[in-house]
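Residue-level structure breakdown
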Amino acid sequence: MYNAKAVIIGIVIFVAIFSSPFWTGWIGQDYTKTGVVLPAGEKECIEDTEFMRAQHMRLLDEWRDQALREENRVYESALNGKKWVISLQNTCLKCHSNYSEFCEKCHVANSVYPYCWTCHIIPTEGKR
Amino acid sequence: MAKLPTPQMLVASRPAFPDKDWFDTKPDFIPGSYCYPAKMETMEMLHMPHPHEWDPTAENWNLPEDWEKILCDAFADRLEKHRSLKLFMDICVRCGACADKCHFFLGTNDPKNMPVLRAELLRSLYRRDHTMLGKLLGKRVGARGWDMHVVKELFYYAYQCTECRRCSLFCPYGIDTAEITMIVRELLHEVGLGLHWIMDPVKNCSFTGNHLGIQPHSYVEIVEMLADDCETVTGIRPKTPFNKKNAEILFITPSGDVFAEPGIYTFMGYLLLFHELDLDYTFSTYASEGGNFGSFVSFNMAKKLNAKMYAEAERLNVKWLLGGECGHMWRVINQYMDTYNGPAPANMEVPVSPITGTVFDVAKSTKMIHIAEFTADLIRHNKLKLDPRRNANLVTTWHDSCNPARGMGLLDEPRYVLKHVCDNFVEMPENTIREQTFCCGAGSGLNTEEIMELRMRSGMPRGNALRYVQQKYGVNHMACVCAIDRATLPPLADYWAPGCTISGLHELVGNALVMKGEAKRTMNLRQEDLPEEALDEEAPADGNAESQGEGR
Amino acid sequence: MFASLVLVLLIAAIAWIGASVGLAPLFGVVLPYAAVLVFIGGMIWRMTYWAKSPVPFCIPTTGGQEQSLDFIKQAKIDCPSTTWGVVKRMFTEVFLFRSLFRNTSAEIVENDPVNKGPRLIYYSSLWLWAFALIFHYSVLVIFIRHFRFFMEPVPAPITWVETIDGIMQVGSPRFYWTGGLALVALLFLLARRVWNYRLRYISLANDYFPLWLLLGIVCSGLCLRYFDKTEISQVKIYLMGLTHFAPVSAAGINGLFFIHLTLVCVLLMYFPFSKLAHMPGVFFSPTRNMANNSRRIRHINPWNPPKQYFTYPEYEDAYRDAMAEAGLPLEKQPEKAAE
C-alpha cells in the first residue's frame, strides 16, 4: 500500500464516522422500553392504544383546529362512537396528568418538542 | 489537403447525436478523421512492441494474434501502476460537467468526444474485467468486452484528445482525461498502433537529438543563419555558443523554433536577449529538443527522450537549465522530469539569475526555469531597456497554452513580460484564458496536415475567442509560449480570424529590446517595417526602462 | 431508467411483503447487519484497492497562478504549493464543490453580430453545483438528525440541528427543510438526466439506480414522518436493540419502516461497488490532492524504470565527422576515435 499513513488515517476516520450509529449508542444509556406510566385506575382512552401511540399528534392537531377555528368541541371516537369533549386540558390531561412519567418519556427520548406548552400549562404531578 | 468548408458551414455541419446507443455506434474512418499510422521501420528502430503495417481504413488492422490478451494484461498492469487510472475508472458519476468543456466535442458534436464518454470507452472494458457488477450484469451496467471495433474506437478517440486537461479542471473529482488518453495510447502501442506524426519525431529525437532530425552541423548552420538575420535587423551579431563546457546555463528550446516560422523569430529573440545580457550559456546539439513527443506515446518514451537534458547538463558541467517557450515540454519538466530522470546531476545548482541575483527556489530540485520567469524577473529589476513602440503595430492578446496553464500554472509571468514589450494588450473572454484556456486544437501530436478540418473544428473555441477580440477590439496578433501553438495557430487564425498573426513571446521581446550599440532599427525580426511611432523619435530615454519596471 | 425504477420498486415491494409475512427479522435484523458489514468492509477494501497502486507522478491540475517570482501573486488555493494549501484546496472541493462552481455552459451561435460569423458564448451554469450541494448537505443533516434514534439521551447538538432545520415551524410534526430539499434536489438531478440530451446519452442504469434508490429512501422517510406514521419510540427501541446487538421484536412497527430500512441497506451494500465510491474517492484524486511543487521537491515513482536513452557518446560516434567539420567541441577527435 502506498501513502499508507494518510490512507489509514482516512480509513479510520471513515470507519469512525460510518460506524457511529453503533458506538454512539453506547455513550449514554440503552433504550429498551419507553417507561411510560399509564394513569392508574383509568381504563378507557378516546381511541385504541395503537392509534394513540402513532397518531396522537395528528389528533391533537385536528382538535386544535376544531376547537379554535371551527368552534367544535365534540369528538366522536372511531372506536365505539363515544363522544368526548375536545380539550387538551380537560380531556387528555385529566387522566394523563403526569407529564414527566407520561409525555416526557417518549418525547424527550425521541427529541420531539411540539409547541403544546407555549399555550397550555404543563401538568405537574398531583395537580390538574 | 482537402478544401476546408467555411466557418459557417463547419459549424452548421456538426451532426446531431446518433439515435443509437453509444455502445452500438462505430467510428467512421474517413480521410481527414484519422492521422496516418506510424511506419513499421520507425517502430522497429524504436523497439516498440509488435511493429506492423496497417491501414486505419482497412477491416483488418493486422494486430498480433493474441492482441486481446496483450491489451487485457497491459490494462491490468497500468491499473497497478497508476492510482489515478483505478480511481478515474471507479468514481466518475457521469454528471456531465465535462461535456461542453472539450474543444473536440464543441467542434465535432460527436458524443464520444465528451470527455466522460471518451473515458467510458475504457471504463466499459474496466467494468467487465475489474468490477463485480460488470462481471455479473454485463452490458446492463455499461460493461463490454474487448473486440476489434473497441480497439478501433479507442484509437479513433484517443487521437481526438489533445491531453489539454480542460475537462479535469471542471470535474468535481478532478478526473483527468489526459491521464486516460495517455494510458489508452500506451495500450494501443502494446499492439503496435501508433501515429506517424508522433513516432517519426520520436525516432528523430531518439537518434539525432531533436524531433525534426536536424543533424548537429545543420543545427549549427541554421542557428548561425538566424544570428545573421539578427545582425541584419539590429546590426549586432549575437553569440551562438554550442556544446560549450562549463557554461553557467544550458538553454534548451523546442527544435521547432529553429526550423519553422514563426518560431524562428522567437529563437532570434532568445539570441538577442542572451547576447545583450552577455549570458554565459550554451546550446546543445545533442539535447537540442525541448519538446517531448515521447510524452504522447508512453511514460517510458517520455522518460527516454527527456533523459538527454540532465545527461547533457552533467556532461557540459552547467549550473542550471533554462527552458524555452514550449507547452508540453513544460508539462514534462514541471511534473515529470525530476521523477523520471532526477535527481539533477550533482554539478548543478539552484538556478540564480546572474543578472539580478534572484534565486529561483521554485526550481530547487529540477534546477530548470522557464524563460518567461527569467525575463519577467529581468524586467522587474529594470535590467532591460525596452521600447514597446516597436510593437505598436500590434494589438495583441495572449493564448495560454494548455500545458503551462493547467500543468504548471504559468499564467502571469508571460503576461508581465508581454505588457512590458507591447502597449496594446487585450485579454480574450475569461472562459477561454488562464486555467480555462482552450487548446489550439492540435496539441499532443495531432498537428498534422491530414486532419486539417478536424483541427479547425477542435480549434473552434480558440479561433472564436480570437475572432471575438479581433472584431470587438481590433486585435491583430496573438502571442503564446508554445512551439506547437506557433505551428498550429497560424492556420487556425487564418481560418477563424484572418488577419491575426501569431508569435512567441520572445519575438516581441527581441523587437522591443534596445541593445547596447545597436544600429537604428527600421525592421522588426520578421524584417517588416517598424511602425511609424518607433521611427519618429530617438530611442526612449533611460528613465523609460525604469518606469517600465515599476508599471504592471 | 425504467428498469432501475422497477428494480427499486421491486426491492420495496419485497421488503413490504417480507415484513408483513413475518420475515421482519430477516429484513430488520439480518439485512441491516449484513449491509453495514458490506458497506464498511467494502469501502475499506475499495480504499485499499486504490492505495495499492502508487501515484507515480505529481500531476495536480493547476487552477491558477503557480508559486513564482515574488511580485507575481500565487493562486494559493487553486494552485497550492504546500500541504497546507492542498488542505485548503481539498476543503473547497469537498465542502463547497469548487470545481463544479466553475461550471459553464457553452452555446454556439451560428451567426453572431460581434463575430460576424459563428461564436461560442459561455454562461456560468450553477444549477448542477447548487442542487448537488443542496442534496449532499441535506443528506448530511438528515444523517445527523437520525442520531436521535441511535442515542439516549439525545445530545443537545442534535436537538439544535433539528431546531434549525425546522425553524419555520410549519405543520405538525414540524417540516424539516432538508427532507424536502433532498427530494427536490434528487428530482432535479433525475430530471436533468432525463431531459438533457447529452446526459441522457451518457447515462447508464448505474446512474439511474442510485437516484431512484435515494428517491425511494427519501420518499419513504418523508412518508413515515408526515403521512403513514409509525410510533417512533418503538422504532428507537428497535434500532437501539440493533446497535446494542440485542435485537428486539419488531411487532407493531409500520411495514413502511421496513421499506425505508431495506432501501437504506441496499444503498449501503451498493455503495462500495459503484460510482457512489466518489465519496472517499475525491480525497484520493491526484489532480486535486497534490501540491504543485514538483520542481521544488522531487516526487518519487516507485516503479521508475532504469534510464535507457541515446547517450552522448553514441551520438558523437554517429555524427563525429560532421560535428568536427562544423567546429563543434568533441569529447574524442575523429582521428582519436578512429584508432
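Values in this document were obtained by computation on a predicted structure and should not be read as measured data.

1. Considerations on the overall build of chain C
- A count of helices and strands for chain C gives 14 helices and two strands.
- The C-alpha atoms of chain C give a radius of gyration of 29 Å, which is well past the 20 Å a tight globule of 339 residues would have.
- Referenced to the eigenvectors of the C-alpha coordinate spread, the extents of chain C come out at roughly 100 × 60 × 45 Å.
- Per-residue burial over chain C gives 45% buried out of 339 residues.
- Excluding contacts between residues fewer than 6 apart, the proportion of contacts in chain C whose partners are at least 24 apart in sequence is 62%.

2. Focus on the overall build of chain A
- Scanning chain A from terminus to terminus reveals five helices and two strands.
- Reading the secondary structure of chain A in the N-to-C direction produces α-α-α-β-β-α-α.
- For chain A, the C-alpha radius of gyration of 22 Å lies well beyond 14 Å, the compact-globule estimate for 128 residues.
- Each of the three principal axes of chain A carries a C-alpha extent, and together these read 75 × 30 × 30 Å.

3. Observations concerning helix α15 (residues 299–315) of chain B
All names here are of chain B.
- End to end, α15 covers 25 Å across 17 residues, agreeing with the expected 24 Å (1.5 Å per residue, within 8%).
- α15 sits mainly inside the fold: 15 of its 17 residues count as buried.
- Positioned one or two residues after α15, Asn317 has a phi angle of 60°, which is positive.

4. Focus: the nonpolar core
- Ranked by internal contacts, the top residues of the largest apolar core, which has 251 residues, are Cys98, Val202, Met268, Val417, Leu418, Leu466 and Ala493 of chain B.
- Broken down by element, this core gets its largest block of residues, eleven residues, from helix α11 (residues 255–270) of chain C.
- Mapped onto the domain boundaries, this core takes at least three residues apiece from domain 1 (2–307) and domain 2 (309–339) of chain C.
- Those residues within four positions of Leu466 of chain B in sequence are excluded, and the remaining contacts are Thr397, Met428, Met478, Ala493, Trp496, Ala497 and Cys500 of chain B.

5. Thoughts on the arrangement of the chains
- The top pair by number of contacts, from a total of two pairs of chains in contact, is chains B and C.
- Where chain A comes nearest to chain B, the C-alpha atoms are still 10 Å apart, and the two do not contact one another.

6. Considering the interface of chain C and chain B
- Of the residues lining the interface, 88 residues belong to chain C; the matching set on chain B comes to 102 residues.
- Among the elements that take part in the side of chain C that touches chain B, helix α13 (residues 312–325) of chain C stands out by supplying six residues, more than any other.
- In the side of chain C that touches chain B, the residues fall into 46 nonpolar, 28 polar and 14 charged.

7. Structural notes on the pairing of strand β3 (residues 320–323) of chain B
Residue and element names in this part refer to chain B.
- Side chains of β3 alternate between two faces, with Trp320 and Leu322 and Leu321 and Gly323 buried alike.
- The sheet contact formed by strand β1 (residues 249–252) and β3 spans four bridges and is parallel. Bridge pairing links Phe251 to Leu322 in β3.
- Summarising the sheet, β3 and strand β4 (residues 368–370) pair through three bridges and their orientation is parallel. Within β4, the residue paired with Gly323 across the bridge is His370.
- In this region the chain leaves β3, passes through helix α16 (residues 327–341) and returns to the parallel neighbour β4; the handedness of that crossover is right-handed.

8. Points about the interface of chain A and chain C
- Every contact between the two is made by 33 residues of chain A and, on the other side, 36 residues of chain C.
- For the side of chain A that touches chain C, the elements supplying multiple residues, two or more each, are α1 (4–18), α2 (20–23), α3 (49–69) and α5 (103–109) of chain A.
- Here the side of chain A that touches chain C is composed, by residue class, of 16 nonpolar, twelve polar and five charged.

9. Some details on the sheet that holds strand β6 (residues 477–480) of chain B
All names here are of chain B.
- Ordered in space as β5-β6-β7, the three strands form an open sheet in which the pairing is parallel. Both outer strands of the open sheet, β5 (396–399) and β7 (501–504), are each paired with one neighbouring strand and no more. Averaged over all adjacent pairs, the angle separating strand axes in this sheet is 30°, with direction ignored.
- Judged from the four bridges that link them, β5 and β6 form a sheet pairing that is parallel. Each bridged residue has a counterpart across the sheet, and for Thr397 the counterpart in β6 is Met478.

10. Examining the domain arrangement of chain C
- Taken as a whole, chain C is organised into domain 1 (2–307) and domain 2 (309–339).
- The gap between the C-alpha centroids of domain 1 of chain C and domain 2 of chain C is 63 Å.

11. Things to note about the confidence of the model for chain C
- Mean pLDDT over chain C works out to 92, with 100% of the residues at or above the 70 mark.
- Reported confidence for the predicted complex is 0.93 by ipTM and 0.92 by pTM.

12. Comments concerning unusual backbone geometry
- The omega torsion of the bond from Gly342 of chain B to Pro343 of chain B falls at -10°, within 30 degrees of zero and hence cis.
- Pro153 of chain C follows Glu152 of chain C through a cis peptide bond whose omega is -5°.
- The backbone phi angle of Glu163 of chain B is positive, close to 55°, even though this residue is not glycine.
- Along the chain, Glu163 of chain B falls in the loop between α8 (148–158) and α9 (166–170).
- Owing to 26 C-beta atoms within 10 Å, Glu163 of chain B belongs among the buried residues under this scheme.
- Positive phi, normally seen in glycine, also occurs at Phe245 of chain C, with a value near 55°.
- Structurally, Phe245 of chain C can be placed in the loop between α10 (232–243) and α11.

13. Section: the sheet that holds β1 of chain B
- Pairing is parallel across the open sheet formed by four strands, whose spatial order is β2-β1-β3-β4 (chain B). Each end of this open sheet is capped by a strand with a single partner; those strands are β2 (281–282) and β4 of chain B.

14. Focus on the pairing of β6 of chain B
Residue and element names in this part refer to chain B.
- Of the two faces of β6, the one holding His477 and Ala479 and the one holding Met478 and Cys480 are both buried throughout.
- Across four bridges, the pairing between β6 and β7 is parallel. The partner of His477 across the bridge, within β7, is Thr501.
- Read from β6 through helix α22 (residues 483–496) to β7, the crossover connection turns out right-handed.

15. With respect to the packing of helix α12 (residues 216–234) of chain B against helix α14 (residues 263–277) of chain B
Residues and elements named next belong to chain B.
- The N-to-C vectors of α12 and α14 enclose an angle of 75°; their axes lie 10 Å apart at closest approach. Here α14 runs roughly perpendicular to α12, going by the angle between their axes. Of the residues in α14, those in contact with Leu226, Ala227, Asp229, Cys230 and Thr234 of α12 are Ile264, Phe267, Met268, Leu271 and Leu272.
- Of the residues contributing to the contact of α12 with α14, the split by class is eight nonpolar, one polar and one charged.

16. Considerations on the environment of Val469 of chain B
All names here are of chain B.
- When you line up the elements, Val469 lands in helix α21 (residues 460–473).
- C-beta crowding within 10 Å serves as the criterion here: with 24 such atoms nearby, Val469 is assigned to the buried category.
- Put simply, Val469 and Cys92 are 377 residues apart on the chain and 36 Å apart in space, counted from C-alpha to C-alpha.
- Ignoring sequence-local partners within four residues, the contact set of Val469 consists of Thr397, Val426, Met428 and Val475.

17. Some words on the environment of Cys439 of chain B
All names here are of chain B.
- Position of Cys439 relative to the elements: it lies in the loop between α19 (412–421) and α20 (452–458).
- For Cys439, a count of 32 C-beta atoms within 10 Å gives the class buried.
- For the pair Cys439 and Phe360, spaced 79 residues apart in the sequence, the C-alpha separation amounts to 29 Å.
- Contact partners of Cys439, with chain neighbours within four places excluded, come to His103, Thr162, Cys164, Cys402 and Arg462.

18. Points about the packing of helix α1 (residues 2–20) of chain C against helix α2 (residues 24–51) of chain C
Residue and element names in this part refer to chain C.
- With their axes 6 Å apart at the nearest point, α1 and α2 run at an angle of 115° to one another. Across the interface between the two elements, Ala15, Gly18 and Ala19 from α1 touch Ala24, Leu26 and Phe27 from α2.
- For the contact of α1 with α2, the per-class residue count stands at five nonpolar, one polar and no charged.

19. A closer look at the confidence of the model for chain A
- Per-residue pLDDT for chain A averages 86, and the proportion of residues at 70 or more is 97%.
- The secondary-structure element of chain A with the lowest mean pLDDT is helix α4 (residues 88–95) of chain A, recorded at 86, while α1 of chain A shows the highest, at 95.

20. Description of the environment of Lys76 of chain C
All names here are of chain C.
- Along the chain, Lys76 turns up in the loop between α2 and α3 (83–96).
- Accessibility expressed as a C-beta count within 10 Å gives 16 for Lys76, which makes it partly exposed.
- When the C-alpha positions of Lys76 and Tyr309 are compared, they lie 38 Å apart, and in sequence the two are 233 residues distant.

About the thresholds
- Residues numbered from 1 in each chain as written.
- Chains lettered and ligands numbered in written order.
- Predicted model: local features only at pLDDT ≥ 70, side-chain atom pairs only at ≥ 80, totals over all residues.
- Helix = DSSP H or I, 4+ residues; strand = E, 2+ residues; numbered from the N terminus.
- Rg over C-alpha atoms; globule rule 2.2 N^0.38 Å.
- Buried ≥ 20, exposed ≤ 12 C-beta atoms within 10 Å, placed from the backbone.
- Contact = placed C-beta atoms within 7 Å.
- Expected span 1.5 Å × (residues − 1).
- Core = buried A, V, L, I, M, F, W, Y, C linked by C-beta atoms within 7 Å.
- Domains from an automatic or database assignment.
- Nonpolar A, V, L, I, M, F, W, Y, C, P; charged D, E, K, R; others polar.
- Pairing = 2+ DSSP bridges.
- Right-handed = clockwise from strand over helix to strand, strands pointing away.
- Axes fitted to C-alpha atoms, helices over the stretch in contact; angles between N-to-C directions.
- pLDDT = per-residue confidence, 0-100.
- Parallel < 35°, antiparallel > 145°, perpendicular 65-115°, else oblique.

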